[in-house]
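# Examining the three-dimensional arrangement
Each chain, written out:
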Amino acid sequence: QVQVVESGGALVQAGGSLTLSCAVSGRTFNYYDTAWFRQAPGKEREFVAAISASGHSTNYAVAVKERFTISRDNAKNTVNLRMISLQDEDTAVYYCAAGRTALAASSSSSYAYWGQGTQVTVSS
């Protein structure tokens, strides 16, 4: 069984920065691509960023591409999402996901394992 646990969500001012972390345990971490998705109130869950199992390939949503950076540490079984220049529209619950995908896929259906989410609130 694979467990996914996010941390790092917080209230932050617009223009600020924040790093989310995700710990994946239970199976060999470097088998899995990992990704971040988010869901704002009243909206559908959307793709944010993904990174391949090796860490060599990344994929970003257009809305975050210049501001967010996904990285992973296979020795520590963690994946991070560094977010800068945060905007009101970044307010959402952020979910970490892991799965065997077609190389850092952006589709939520590609990921079998999900965390419970961590809240990010950006205040202006």
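Residues numbered from 1 in each chain as written. Predicted model: local features only at pLDDT ≥ 70, side-chain atom pairs only at ≥ 80, totals over all residues. Heavy atoms only, no water.

Enumeration according to the criterion identifies three salt bridges in this entry. Among the salt bridges present, the one from Glu-46 reaches Arg-38, with a minimum N-O distance of 2.6 Å. Relative accessible area serves as the criterion here: at 37%, Glu-46 is assigned to the partly exposed category. The partner of Arg-38 in a salt bridge is Asp-90, with the nearest N and O atoms 2.9 Å apart. Of the two residues, Arg-38 sits in strand β4 (residues 33-39) while Asp-90 sits in the loop between β8 (78-83) and β9 (92-99), which places them 52 residues apart along the sequence. Assessed through its relative accessible area of 6%, Arg-38 is described here as buried. Its relative accessible area of 0% is what places Asp-90 among the buried residues. (Salt bridge = Lys/Arg side-chain N within 4 Å of Asp/Glu carboxyl O. Buried < 20%, exposed > 50% of the residue type's maximum accessible area, 1.4 Å probe, protein only. Helix = DSSP H or I, 4+ residues; strand = E, 2+ residues; numbered from the N terminus.)

Here we come to the nonpolar core. One broad trend across soluble globular proteins is that nonpolar side chains are buried collectively. Formed by 37 residues in total, the largest nonpolar core has its most connected members in Trp-36, Leu-81, Met-83 and Tyr-94. For this core, the elements supplying multiple residues, two or more each, are β3 (18-25), β4, β5 (46-51), β7 (68-73), β8, β9 and β11 (118-123). Ignoring any residue separated from it by four or fewer positions in sequence, one finds Leu-81 in contact with Leu-18, Thr-19, Leu-20, Trp-36, Val-48, Ala-49, Phe-68, Thr-69, Ile-70 and Tyr-94. (Core = buried A, V, L, I, M, F, W, Y, C linked by side-chain atoms within 4.5 Å. Contact = heavy atoms within 4.5 Å.)

This part takes up the side chain of Arg-67. Its location among the elements puts Arg-67 in the loop between β6 (58-60) and β7. There is a polar contact of 3.2 Å between the side chain of Arg-67 and the backbone oxygen of Ala-63. (Polar contact = N/O pair within 3.5 Å; in protein donor to acceptor, adjacent residues only side chain to side chain.)

A complete count under the given rule lists one disulfide for this structure. Here Cys-22 engages in a disulfide with Cys-96; their sulfurs sit 2.1 Å apart. A torsion of -85° about the S-S bond marks the disulfide between Cys-22 and Cys-96 as left-handed. With Cys-22 in strand β3 and Cys-96 in strand β9, the pair connects residues that are 74 residues apart, well separated along the chain. (Disulfide = S-S within 2.5 Å.)

Let us look at the sheet that holds β8. Two modes of strand pairing occur in sheets, parallel and antiparallel, and in both the strands are linked by backbone hydrogen bonds. The strand order β1-β3-β8-β7 describes an open sheet built from four strands, whose pairing is antiparallel. One side of each edge strand has no neighbouring strand; the edge strands of this open sheet are β1 (3-7) and β7. Here the strands of the sheet are splayed against their neighbours by 15° on average, with no regard to which way each runs. When β1 meets β3, the two strands line up antiparallel, connected through five bridges. Across the sheet, Val-5 pairs through a bridge with Ala-23, a residue of β3. (Pairing = 2+ DSSP bridges. Axes fitted to C-alpha atoms, helices over the stretch in contact; angles between N-to-C directions.)

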